[in-house]
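# Observations on the model geometry
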Amino acid sequence: MSLRLFRRTWAAQRLKLLAVSIGLLIWGTLMPIVYEAFKEQIQFVLGSGMIPPELAQFGGGDLFSLAGTIAVGFIHPIAVALCLVFALGFAVASVAGERQRGTLEVLLARPLSRRRIYLTLLFATVLFVAIVIAAEVAGTVIGTALGGALGELRPERLAVMWLNGVLVFSAFGAVSLAASVSFDRLAPALSVSLAIVLVSYFLEIIGSLWTAAKGLQPYSLFHYLDPRGALNGTTTIGDWLVPIVVIAVAVAVALTVFPRRDLAAPS
Amino acid sequence: MGGPARCSLSGVDALRTEALTKHYGRPHRGRLPAGPFVPALTDLSITVKSGEIFGFLGPNGAGKSTTIRLLLGFLHPSSGRAEVLGLDTAAASVEIRSRVGYLPGGIALYDGMTGLDLLDYLGQLYGRTPVRRHDLLERLEMSERTLARPVRDYSRGMRQKIGIIQALQHDPELAILDEPTEGLDPLMQRAFYDVLDELRVAGRTIFLSSHVLSEVERVCDRVGIIRAGRLVALEDIAALLARRKRHVELRFHGAPPDLASIPGVTGIVIHPGLLMCQLEGDVGPFLAALNGVAVADLTIEPAHLEEAFLEFYEGEERDEADLRAAVPSPRAAVAPPAAETEPRADDRTGAG
């Protein structure tokens, strides 16, 4: 890893990191407050049959507990989009974007191996993901405290929830970074990464809303994002193993492809 | 101070390539069909001596940048090999880059950084003190105020100057400069040539690619001329120029001199009182032939590299045309010359 490259990356991303962290902190704060303020109304609405039971399955189908409400917040498109600013946006642009702009030339002219550049950017991606998810977890704690339900949360379970989130979004980050080092232009790298995220999200949501499509959920990385299981202590081995395997495969692909690629003159 | 190990180059060529070849696409192999095959560089064998300023000359798309990218390890050779500072480019690319300064053609910089931050950052990545920076900033007239501005506000010439400074600020043993004067005004070009002269005196090696002939003629000791990915000439600038035809214009009184049998004299055109011809090689026999002629005026225009260069290209084109007329080339039918087709980043597959 190159400390100087990392410092420069940090300096270039710190404002964005701050903005996304604040966004997720606020979002994380909202869900427990919503739960405390409206849990009875939600129970009433769901019990009345006004909402189709399939829709109530979104995010794990548990809107009657604090853990379930927090889980809905984690899998909600707003939270996912904010986490993907770094897991997808930063990762994709970090090599393919620099390559397209031509700035990778200047970097590669220094005595840095491509592996070292890649590992530095991978570290940055994972760190940024870890920070923004920590902000979301911190928001969850603040919101729970504001709602007066802090006693329902166990600190060690919060750490497990954070780690699970970091692993899943780092898996997306590793895949995006592998795409980034494989293409000369941003558009194809972004297209591939975005397609993986969207298909993954679609499979998870359609599987949670439609019983017949439940079998598709294991093919989605989001299926292994399990904040409710983390808070309740019911995560499965798959919730940990699958993201780790995806990260390992993506890293292996990137470390094989990037050093062997021909980097032609940027157009 | 992190100066380079100067002694390491004694007896070692700064740069050497052996039949270095790069093509894109896939030739027909076994049961696999052939892909689009584009030769970018074919059998390049050159040696650049330590302390030399070597000009690598050719039109756009001839293979100059491909060669440089092979030397720096950005591209992997299809065949052949290259050594830079005695190190194999395939095995020691990182070490090579720690001892080389590189100016990419049409350099792109981090627009959000100030010029000073950028120079600091790029210098730090070398891990060496930028011992030449102050001198280069002065010579290329980059003030502190200019350096404090973001790069996005820089003109093309200023970006090029920053590019030159970042390549040379750490005093590399070998500088590889791709079209270094692109975007510089004539005054700055002259300042840059002075910098090169100083580097030459200091014993540094410069590999300079250019399509500006006067530039190569002005600063280089030797020149390699490349065309369609093939080296067509590798000579001392002085020898190349000495072999070129000079234009002679002779004004005389009385009968014209008989120059037809003088070695090196061609293209004689005689008008009343005026003789024009081309003169190649030793000027002695020509002057001896003028003995006894009533010379009113004599102009021998020095040969320029541009003419030498154009002659090379015209000659090559004639040869190729002759060859095509005699034997239709199947390759020519399917793959146009690399001069027109050197692939860019967006139209070739990434995997090498």
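Residues numbered from 1 in each chain as written. Chains lettered and ligands numbered in written order. Predicted model: local features only at pLDDT ≥ 70, side-chain atom pairs only at ≥ 80, totals over all residues.

## Considerations on the overall build of chain B
Along its length, chain B carries 13 helices and 15 strands. Taking all 352 residues of chain B together, 39% fall into the buried category. When contacts within chain B are restricted to residue pairs at least 6 apart in sequence, those whose partners lie at least 24 apart make up 73%. (Helix = DSSP H or I, 4+ residues; strand = E, 2+ residues; numbered from the N terminus. Buried ≥ 20, exposed ≤ 12 C-beta atoms within 10 Å, placed from the backbone. Contact = placed C-beta atoms within 7 Å.)

## Observations regarding the overall build of chain A
A tally of helices and strands in chain A yields 9 helices and 0 strands. Order of helices (α) and strands (β) in chain A, N terminus to C terminus: α-α-α-α-α-α-α-α-α. Relative to the compact-globule value of 18 Å for 267 residues, chain A shows a C-alpha radius of gyration of 20 Å, a close match. C-alpha extents for chain A along the principal axes are approximately 65 × 40 × 30 Å. Looking at chain A as a whole, 47% of its 267 residues qualify as buried. Taking as baseline every contact in chain A between residues at least 6 positions apart, the subset at least 24 positions apart corresponds to 79%. (Rg over C-alpha atoms; globule rule 2.2 N^0.38 Å.)

## Thoughts on the sheet that holds strand S13 (residues 265-271) of chain B
Residue and element names in this part refer to chain B. In spatial order, the strands read S13-S14-S12-S15; together these 4 strands make up an open sheet with antiparallel pairing. At either end of the open sheet lies a strand with only one pairing partner, and these are S13 and strand S15 (294-301). Averaged over all adjacent pairs, the angle separating strand axes in this sheet is 15°, with direction ignored. The sheet contact formed by S13 and strand S14 (residues 274-279) spans 5 bridges and is antiparallel. (Pairing = 2+ DSSP bridges. Axes fitted to C-alpha atoms, helices over the stretch in contact; angles between N-to-C directions.)

## Some remarks on the confidence of the model for chain B
Residues and elements named next belong to chain B. Here chain B averages 81 in pLDDT, and 79% of its residues register 70 or above. Across residues 1-10, where pLDDT falls below 50, the model places 15 contacts with residues more than four positions away in sequence or in other chains. Across residues 326-352 the pLDDT falls below 50, and counting only partners more than four positions away or on other chains, this stretch makes 52 contacts in the model. Among the prediction metrics, the complex's ipTM stands at 0.81, with pTM recorded as 0.81. (pLDDT = per-residue confidence, 0-100.)

## Describing the pairing of strand S7 (residues 100-103) of chain B
All names here are of chain B. Covered by surrounding structure in S7 are Val100 and Tyr102 together with Gly101 and Leu103, the residues of both alternating faces. Pairing geometry for S7 and strand S8 (residues 174-178), over 4 bridges, is parallel. Across the sheet, the residue bridging to Tyr102 is Ile176, located in S8.

## A word on the interface of chain B and chain A
Facing 29 residues of chain B, the contacting portion of chain A comprises 27 residues. At 5 residues, the largest contribution of residues to the side of chain B that touches chain A is made by helix H3 (residues 115-126) of chain B. A breakdown of the residues in the side of chain B that touches chain A according to their chemical character gives 17 nonpolar, 7 polar and 5 charged. (Nonpolar A, V, L, I, M, F, W, Y, C, P; charged D, E, K, R; others polar.)

## Overview of the sheet that holds strand S9 (residues 205-210) of chain B
Residues and elements named next belong to chain B. Spatially, the 6 strands line up as an open sheet ordered S7-S8-S9-S4-S10-S11, and their pairing is mixed. In this open sheet, the two edge strands, each paired with only one partner strand, are S7 and strand S11 (230-236). Sheet twist, expressed as the mean angle between neighbouring strand axes with direction ignored, is 15°. Sheet topology places S8 next to S9; 5 bridges connect them, and they run parallel. Each bridged residue has a counterpart across the sheet, and for Ile176 the counterpart in S9 is Phe207. On top of the sheet, helix H1 (residues 64-71) reaches strand S4 (53-57), S8, S9 and strand S10 (222-227); it is set at about 145° to S8, its chief contact.

## What about the nonpolar core?
In terms of nonpolar packing, the biggest core is built from 141 residues, with Val129 and Val132 of chain A together with Ile176 of chain B touching the most fellow members. By residue number, the principal contributor to this core is helix H6 (residues 155-182) of chain A, which donates 15 residues. When near neighbours in sequence (up to four residues on either side) are disregarded, Val129 of chain A contacts Cys83, Phe86, Ala87, Val166, Phe169, Ser170 and Gly173 of chain A. Core analysis: the next-biggest nonpolar cluster, separate from the first, contains 6 residues, Leu250, Leu259, Cys277 and Phe286 of chain B among them. (Core = buried A, V, L, I, M, F, W, Y, C linked by C-beta atoms within 7 Å.)

## Quick word on the packing of helix H3 (residues 77-101) of chain A against helix H7 (residues 186-209) of chain A
Residues and elements named next belong to chain A. Direction vectors running N to C along H3 and H7 enclose 155°, while the axes themselves pass 8 Å from each other. As judged from the angle between their axes, H3 and H7 are roughly antiparallel. Crossing handedness for the pair H3 and H7: right-handed. On H7, the residues that touch Val80, Leu84, Leu88, Val92, Ala93, Ala96, Gly97 and Gln100 of H3 are Leu186, Ala189, Leu190, Ser193, Leu194, Val197 and Tyr201. Residue classes in the contact of H3 with H7 are distributed as 12 nonpolar, 3 polar and no charged. (Parallel < 35°, antiparallel > 145°, perpendicular 65-115°, else oblique. Left-handed = near helix turned anticlockwise from the far one by under 90°.)

## Section: the packing of H3 of chain B against helix H6 (residues 156-168) of chain B
All names here are of chain B. Orientation of H3 relative to H6, taken along the N-to-C sense of each, is 25°, at an axis distance of 10 Å. Here H3 is positioned roughly parallel relative to H6, judged by the angle of their axes. Both H3 and H6 take part in a crossing whose hand is right-handed. Contacts between H3 and H6 involve Gly115, Leu118, Leu119 and Leu122 on the former and, on the latter, Ile162, Ile165 and Gln166. Considering only residue class, the contact of H3 with H6 consists of 5 nonpolar, 2 polar and no charged.

## Here's the deal with the confidence of the model for chain A
In this model, chain A carries an average pLDDT of 88, and 93% of its residues clear a pLDDT of 70 or more. When mean pLDDT is compared element by element in chain A, helix H9 (residues 237-260) of chain A scores highest at 95, while helix H2 (residues 66-75) of chain A scores lowest at 83.

## A few points about the pairing of S11 of chain B
All names here are of chain B. Sheet topology places S10 next to S11; 6 bridges connect them, and they run antiparallel. Counterpart to Gly224 in the pairing with S11 is Leu234. In this structure, the hairpin formed by S10 and S11 is closed by a connection of 2 residues, where Ala228 is found at a positive phi of approximately 50°.

## Description of H7 of chain A
Residues and elements named next belong to chain A. For H7, spanning 24 residues, the distance from its first C-alpha to its last is 34 Å, which sits close to the expected 34 Å at 1.5 Å a residue. Within H7, the full set of buried residues consists of Ala189, Leu190, Ser193, Val197, Ser200, Leu203, Glu204, Gly207 and Ser208. Looking at the buried positions of H7, the neighbouring elements they touch are H3 and H6. (Expected span 1.5 Å × (residues − 1).)

## A closer look at the environment of Thr299 of chain B
All names here are of chain B. In this structure, Thr299 sits in strand S15. For Thr299, a count of 11 C-beta atoms within 10 Å gives the class exposed. Residues Thr299 and Gly55 lie 244 residues apart in sequence; the distance between their C-alpha atoms is 30 Å.

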